[in-house]
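Letter by letter, the chains look like this.
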Amino acid sequence: MFRKVLEWPDSALKNKSVPFTREDPTSWIDDLRDSFTVTGGLGLAAPQIGIFRRAIVVNPSHLSISDDEMLLMINPRLELSGETYKNNEGCFSVPYTAGNVPRYSHCKVVFYNEDWEEQWLNLQGLAAACVQHEVDHLDGILYLDRMGRMSRQLLIKKIKKQKKKLADLERAAQEEFDKDHAELLAGFGGKEKTKTTHSRKRKPKPRRKSKRQRSRKK
């Protein structure tokens, strides 16, 4: 089932997730997959859709990991290495914008698949940055939190401005709809027609007799 992505500044995004267990509902994994199928992108973490368990999905084909369209990682653990660099990142939970975030160039990720078999991958570049980004969500960290104070403030100002713009557009569209609806009602007299009562109905005119009927009567 598709679940709507939580957006900043929702405080729930600050919650730290707990490990997935074998006793947890498998429907949570299905919801994570279904939601990622709808949103697309490079990755999605369970907390972003209100499931506060340590699980993420990524798109291996877009990250040059494999030809698969989706890879599930349960309880991922990272071993970071290499130099840090600024990676330009966007996020479904922080829409309308992107920012430069420091990331390690290499990481090893150890995780479980859906059959609870332990797996591991050595990643670098974009794939490494993507997995670091998604694992941050499991710890209640948004990419905004990893930016410098000045850069973060400028980005937040931009986000608020964009949100206001969209809210104004939605309000204008609703007002236009209400106006059109009112005009449509006015075209029909503004109210439903009342039914004519029986007493107000016009009495039928008597049928006119034909010439033959008149001649017979004479």
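Above: the structure in question.
The paragraphs below set out a description of the structure included in this document. What you see is a predicted model; the values in this text were computed from it and never measured. Numbers given to residues run from 1 along each chain, matching the order in which its sequence is written. Only residues with pLDDT of at least 70 get local features here, since the model is predicted, and only at 80 or more are side-chain atom pairs given and counted; chain-wide, interface and lining totals rely on the full set of residues. By convention in this description, side-chain values take in all heavy atoms of the structure and omit both hydrogens and water.

This part covers the overall build of the chain. Put simply, DSSP H or I for four residues or longer makes a helix, DSSP E for two residues or longer makes a strand, and each gets a number counted from the N terminus. Looking only at helices and strands, one finds four helices and five strands in the chain. For the chain, the N- to C-terminal ordering of α and β elements is α-β-β-β-β-β-α-α-α. Per-residue burial over the chain gives 33% buried out of 218 residues. Note on definitions: a residue-residue contact is assigned when non-hydrogen atoms from the two residues lie within 4.5 Å. When contacts within the chain are restricted to residue pairs at least 6 apart in sequence, those whose partners lie at least 24 apart make up 62%. Accessible surface, the chain: about 15,000 Å² in total, of which carbon and sulfur atoms supply 52%. Under the scheme applied here, a residue whose accessible area is under 20% of the maximum for its type counts as buried, over 50% as exposed, and between as partly exposed, the area being computed with a 1.4 Å probe on protein chains only. To measure how exposed things are, a 1.4 Å probe is used in the Shrake-Rupley method; for residues, cover is taken only from the protein chains shown.

Right, let's talk about the nonpolar core for a bit. In plain words, nonpolar cores are sets of buried Ala, Val, Leu, Ile, Met, Phe, Trp, Tyr and Cys residues tied together by side-chain atoms within 4.5 Å. In this structure, Ile56, Val58, Leu63, Met73, Val109, Leu123 and Val131 are the most contacted members of the largest nonpolar core, which totals 15 residues. If you list the elements that add at least two residues to this core, you get strand 2 (55–58), strand 4 (94–112) and helix 2 (125–138). For this core, the element with the highest residue contribution is helix 2, accounting for six residues. Among all residues touching Val109, those that are not within four sequence positions of it are Met73, Pro76, Arg77, Leu78, Gln119, Trp120, Leu121, Leu123 and Val131.

So, about helix 2. Every helix has an expected span of 1.5 Å times one less than the residues it contains. End to end, helix 2 covers 21 Å across 14 residues, agreeing with the expected 20 Å (1.5 Å per residue, within 8%). For helix 2, a buried count of twelve out of 14 residues is recorded, marking the element as mostly surrounded by other parts of the structure. Taken together, the buried positions of helix 2 are occupied by Ala127, Ala128, Ala129, Cys130, Val131, Gln132, His133, Glu134, Val135, Asp136, His137 and Leu138. Count one or two residues on from helix 2 and you reach Gly140, which has phi positive near 75°.

This part is about the sheet that holds strand 2. A sheet is described by the order of its strands in space; here five strands give the open sequence 1-2-3-4-5, paired in antiparallel fashion. Two strands close off the open sheet at either side, each with one partner strand: strand 1 (43–45) and strand 5 (118–124). When strand polarity is set aside, the average angle formed by the axes of neighbouring strands in this sheet is 45°. Here a strand pair is declared whenever DSSP counts at least two bridges between the two strands. Of the strand pairs in this sheet, strand 2 and strand 3 (residues 71–91) are connected by four bridges, and their pairing is antiparallel. The residue bridging Ile56 from the neighbouring strand is Met73, located in strand 3. Simply put, an axis is a line fit to the C-alpha atoms, just over the touching stretch for a helix, and the angle between two N-to-C directions goes from 0 to 180 degrees.

In this structure, Pro9 follows Trp8 across a cis peptide bond, with omega equal to 10°. You can see Pro9 is positioned in the segment before helix 1 (26–39). Phi is positive for Tyr96, close to 80°, though the residue is something other than glycine.

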